[in-house]
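Residue strings, one per chain:
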Amino acid sequence: MDRINQSSVTGFLLLGLSERPEQQPLLFGIFLGMYLVTVMGNLLIILAIGFDPHLHTPMYFFLANLSFADGCFSSTIVPRMLVNIRTHNQTISYGECLAQMYFFMMFGGLDDFLLGVMAYDRYVAICKPLHYSTLMSPLVCVLMLTASWVLTNLAALLHTLLMARLSFCAGNTIHHFFCDVIPLLQLSCSDTCTNQVALFTVGSIVLTGPLSLITLSYAYIISTILRVPSASGRQKSFSTCGSHLTVVFLFYGAAIGVYLCRSPSQSRGQYTIAAVFYTVVTPMLNPFIYSLRNKDMKTALRRLFGIHTFSSQGL
């Protein structure tokens, strides 16, 4: 197969979720609905936290940022996929493909770090309550958020620059519904050893680093909670962590299945299903998990809708 320089690559062909024309309208309707729910759900979480002074705490500060990252994460992929389905044009330019890969990896990594920081916040709140105001001061929260943004941007930029140096073969069909690293590497005619090492190394750090922090934090949290004498006290402490743990299991389970446990025997369908769950389903479910299992969030959402109703009546 003839090799062509990456500068002469004008675009790629995204095969999407299905190559059957009769399935395209159904897929468009399903993913449009899921995307609208994702955007509206995460936007409501951000507005509820912003308008309710009772939620101006470190935990909800990070939750608002997680909702923002989830909305952007899904927006990096789904709108382009919907346009391709609607227009029956599955092409994406070389520059757009690299840009999509960059933002996908950046917001996905930001989700990882935010989940780790939120676990640390719960650890401090439950295990070191007397030092909470110091260890989780506004300055510390901003520094942790800034560090998360910087590290994820650097990781995404590294992968994008390494991808940009590669040459691609004449076949430019991507067997996926967005520009991810692994499908792109499979099209390259260049030596991808450096990319593979960087993908595994940086991916392991971005995924397992925050996951290790989460595991260690909850080990201390569970140990502390089990020493609480009253059953009601233990239940209250566990309830504050339940939503976060549910999101952690959903997000990391799918992400590890996509990137760290991928094997040659894994079919395209299995990989696509795991990727859909990781990129579309989890960001959609997060607002429901945090709102339905959290009394403070449910109260804030009722107040938010109450403000809107009052305003509309006043008009």
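Residues numbered from 1 in each chain as written. Predicted model: local features only at pLDDT ≥ 70, side-chain atom pairs only at ≥ 80, totals over all residues. Heavy atoms only, no water.

## Quick notes on the overall build of the chain
Thinking step 1. In terms of helices and strands, the chain carries 11 helices and five strands.
Thinking step 2. With 315 residues in all, the chain has 49% of them scored as buried.
Thinking step 3. For the chain, contacts bridging at least 24 residues in sequence account for 79% of all contacts bridging at least 6.
Thinking step 4. For the chain, the exposed surface amounts to about 15,400 Å²; the carbon and sulfur share of it is 68%. (Helix = DSSP H or I, 4+ residues; strand = E, 2+ residues; numbered from the N terminus. Buried < 20%, exposed > 50% of the residue type's maximum accessible area, 1.4 Å probe, protein only. Contact = heavy atoms within 4.5 Å. Areas by Shrake-Rupley, 256 points an atom, 1.4 Å probe, with all protein chains shown as cover.)

## Notes on the state of the cysteines
Thinking step 1. Per the counting criterion, the structure on display carries one disulfide.
Thinking step 2. Linked covalently through their sulfurs, cysteine 97 and cysteine 179 form a disulfide whose S-S length is 2.0 Å. The disulfide joining cysteine 97 to cysteine 179 has a torsion of about -120° about its S-S bond and is therefore left-handed. Placement of cysteine 97 in helix α4 (residues 94–127) and of cysteine 179 in the loop between β5 (173–174) and α7 (181–185) is noted, with a sequence separation of 82 residues between them. For the pair formed by cysteine 97 and cysteine 179, the shared burial category is buried. (Disulfide = S-S within 2.5 Å.)

## Concerning the packing of aromatic side chains
Thinking step 1. Counted by the stated rule, this structure contains 17 aromatic pairs.
Thinking step 2. Ring geometry for phenylalanine 12 versus phenylalanine 168: centroids 5.4 Å apart, planes at 75°, classification edge-to-face. Placement of the pair is phenylalanine 12 in strand β2 (residues 11–14) and phenylalanine 168 in strand β4 (residues 168–169), with a sequence separation of 156 residues.
Thinking step 3. By relative accessible area, phenylalanine 12 is classed as buried at 3%.
Thinking step 4. For phenylalanine 168, a relative accessible area of 2% gives the class buried.
Thinking step 5. Between phenylalanine 103 and phenylalanine 107, the ring centres sit 6.4 Å apart and the planes meet at 20°, which makes this aromatic pair stacked. Separated by four residues within a single helix, phenylalanine 103 and phenylalanine 107 lie in helix α4, roughly one turn from each other.
Thinking step 6. On the basis of relative accessible area, phenylalanine 103 is assigned to the partly exposed category, the value being 38%.
Thinking step 7. Through a chain of ring-to-ring contacts, the aromatic side chains of Phe73, Phe104, Phe177, Phe178, Phe251, Tyr252 and Tyr278 assemble into a single cluster.
Thinking step 8. The ring of phenylalanine 28 has arginine 86 sitting right over it, with the charged end atom 5.5 Å from the ring centre. (Phe/Tyr/Trp six-rings, centres within 6.5 Å; stacked < 30°, edge-to-face > 60°. Lys NZ or Arg CZ within 6 Å of the ring centre and 35° of its normal.)

## Notes on the packing of helix α2 (residues 58–75) against helix α6 (residues 138–164)
Thinking step 1. In the contact formed by α2 and α6, the axes pass within 11 Å of each other and the chain directions differ by 25°. Between α2 and α6, the angle is such that the two are roughly parallel. Here α2 runs over α6; the crossing is right-handed. For the pair α2 and α6, contact is made by Pro58, Phe61, Phe62, Asn65 and Phe68 and by Cys141, Met144, Leu145 and Trp149, respectively.
Thinking step 2. Across the contact of α2 with α6, the residue classes break down as eight nonpolar, one polar and no charged. (Axes fitted to C-alpha atoms, helices over the stretch in contact; angles between N-to-C directions. Parallel < 35°, antiparallel > 145°, perpendicular 65-115°, else oblique. Left-handed = near helix turned anticlockwise from the far one by under 90°. Nonpolar A, V, L, I, M, F, W, Y, C, P; charged D, E, K, R; others polar.)

## Brief notes about the environment of proline 21
Thinking step 1. The residue proline 21 is located in the loop between β2 and α1 (24–51) in this model.
Thinking step 2. Taking C-alpha positions, proline 21 is 9.4 Å from isoleucine 85, a pair spaced 64 residues apart along the chain.

## Observations concerning the environment of tyrosine 123
Thinking step 1. Examined against the element boundaries, tyrosine 123 turns out to sit in helix α4.
Thinking step 2. Looking at tyrosine 123, the relative accessible area reads 16%, which means it is buried.
Thinking step 3. Placed 98 residues apart in sequence, tyrosine 123 and isoleucine 221 show a C-alpha to C-alpha distance of 5.8 Å.
Thinking step 4. Among all residues touching tyrosine 123, those that are not within four sequence positions of it are Lys128, Ser217, Tyr220 and Ile221.

## With respect to the packing of α2 against α4
Thinking step 1. The geometry of α2 relative to α4 is characterised by a closest axis approach of 9 Å and an angle of 160° between their N-to-C directions. The angle between α2 and α4 places the two elements in the roughly antiparallel class. Relative to α4, the crossing made by α2 is left-handed. The residues of α4 that touch α2, namely those facing Pro58, Met59, Phe62, Leu63, Asn65, Leu66, Phe68, Ala69, Asp70, Cys72 and Phe73, are Phe104, Phe107, Gly108, Leu110, Asp111, Leu114, Leu115, Val117, Met118, Asp121 and Arg122.
Thinking step 2. Residues belonging to the contact of α2 with α4 are distributed by class as follows: 16 nonpolar, two polar and four charged.

## A closer look at the UniProt feature "transmembrane region" (unreviewed entry) in the chain
Thinking step 1. As recorded in UniProt, the feature "transmembrane region" (unreviewed entry) lies at residues 26–49, 61–82, 102–120, 132–158, 197–221, 242–260 and 272–292.
Thinking step 2. Across residues 102–120, the secondary structure splits into 100% helix and 0% strand, with the terminal C-alpha atoms separated by 27 Å.
Thinking step 3. Note that residues 132–158 is 93% helix and 0% strand, and that its end C-alpha atoms are spaced 36 Å apart. (UniProt positions renumbered as here; feature names shortened; annotations may be inferred.)

## A few points about the sheet that holds β2
Thinking step 1. Taken in spatial order, the three strands of this open sheet run β3-β2-β5, and their pairing is mixed. Looking along the sheet, the strands with just one partner apiece sit at the ends: β3 (91–93) and β5.
Thinking step 2. In this structure, β2 lies alongside β3, joined through three bridges in antiparallel fashion. What sits directly across from phenylalanine 12, in β3, is isoleucine 92.
Thinking step 3. Against the sheet, α4 touches β2, β3 and β5, its axis set at about 85° to β3. (Pairing = 2+ DSSP bridges.)

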